[in-house]
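Coordinate inspection notes
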Amino acid sequence: MSEFVLDLRGTPCPINFIRSKLQLEKMSQGDVLEIHLDGGEPIEQVPNSLSMEGYDIEGIEDKGEYFVLSVRA
């Protein structure tokens, strides 16, 4: 099992969701992707969209200037 990091700060919706989904599709089942997202629309939309695609949201951590979304492939 591996962990991957995808920094999408400054990336608008829905491009951040598309990039997240493409990265998850490349990963092995069980791997964890740590996605760095801006506040507002990105952190509100991306977790819900990935969840609707069937991915498990492991957690969301507020780092102050950005959020870390952990998703299991």
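Residues numbered from 1 in each chain as written. Predicted model: local features only at pLDDT ≥ 70, side-chain atom pairs only at ≥ 80, totals over all residues. Heavy atoms only, no water.

Description of the nonpolar core
Of all hydrophobic cores here, the largest spans 15 residues; its most connected members are Leu24, Ile35, Leu37, Leu50, Leu69 and Val71. Listing elements by their share of this core, those giving two or more residues are helix H1 (15-26), strand S2 (32-37), helix H2 (41-52) and strand S4 (67-72). In contact with Ile35, other than residues within four places in its own chain, are Leu6, Leu8, Ser20, Leu50, Phe67, Val68, Leu69 and Val71. (Core = buried A, V, L, I, M, F, W, Y, C linked by side-chain atoms within 4.5 Å. Buried < 20%, exposed > 50% of the residue type's maximum accessible area, 1.4 Å probe, protein only. Helix = DSSP H or I, 4+ residues; strand = E, 2+ residues; numbered from the N terminus. Contact = heavy atoms within 4.5 Å.)

Here we look at the pairing of S2
Put simply, side chains in a regular strand alternate between the two faces of the sheet. Along S2, 5 of the 6 residues are buried, which leaves the element largely enclosed by surrounding structure. Strand direction decides the pairing type here: strand S1 (residues 3-7) and S2, joined by 5 bridges, are parallel. Of the residues in S2, the one forming a bridge with Phe4 is Leu33. Handedness of the β-α-β unit built from S1, H1 and S2 comes out right-handed. (Pairing = 2+ DSSP bridges. Right-handed = clockwise from strand over helix to strand, strands pointing away.)

A look at the sheet that holds S2
Strand order in the open sheet made by the 4 strands is S1-S2-S4-S3, with mixed pairing throughout. If you trace the sheet from one side to the other, it starts and ends with S1 and strand S3 (56-62), each paired once. For this sheet, the mean angle separating the axes of adjacent strands, direction not counted, is 20°. H1 contacts S1, S2 and S4 of the sheet and is inclined by roughly 165° relative to S2. (Axes fitted to C-alpha atoms, helices over the stretch in contact; angles between N-to-C directions.)

Comments concerning H1
With 12 residues, H1 ought to run about 16 Å at 1.5 Å a step, and its terminal C-alpha atoms sit 17 Å apart, in line with that. If you check which residues of H1 are buried, you get Asn16, Phe17, Ser20, Gln23 and Leu24. With its buried residues spanning 130° around the axis, H1 presents them on a single face. Turning to H1, the residues buried within the fold contact S1, S2, H2 and S4. (Expected span 1.5 Å × (residues − 1). Arc of directions from axis to C-beta.)

Regarding the pattern of salt bridges
One pass over the full model with this rule turns up 5 salt bridges. Glu25 is paired through a salt bridge with Lys21; the nearest N and O atoms lie 3.3 Å apart. Here Glu25 pairs with Lys21, and both are found in helix H1, just 4 residues apart, close to one helical turn. Its relative accessible area of 47% is what places Glu25 among the partly exposed residues. According to the relative accessible area criterion, Lys21 is partly exposed, its value standing at 23%. Glu61 is paired through a salt bridge with Lys63; the nearest N and O atoms lie 3.2 Å apart. Glu61 gets classed as partly exposed once you look at its relative accessible area, which sits at 42%. Look at Lys63 and you get partly exposed, because its relative accessible area is 42%. (Salt bridge = Lys/Arg side-chain N within 4 Å of Asp/Glu carboxyl O.)

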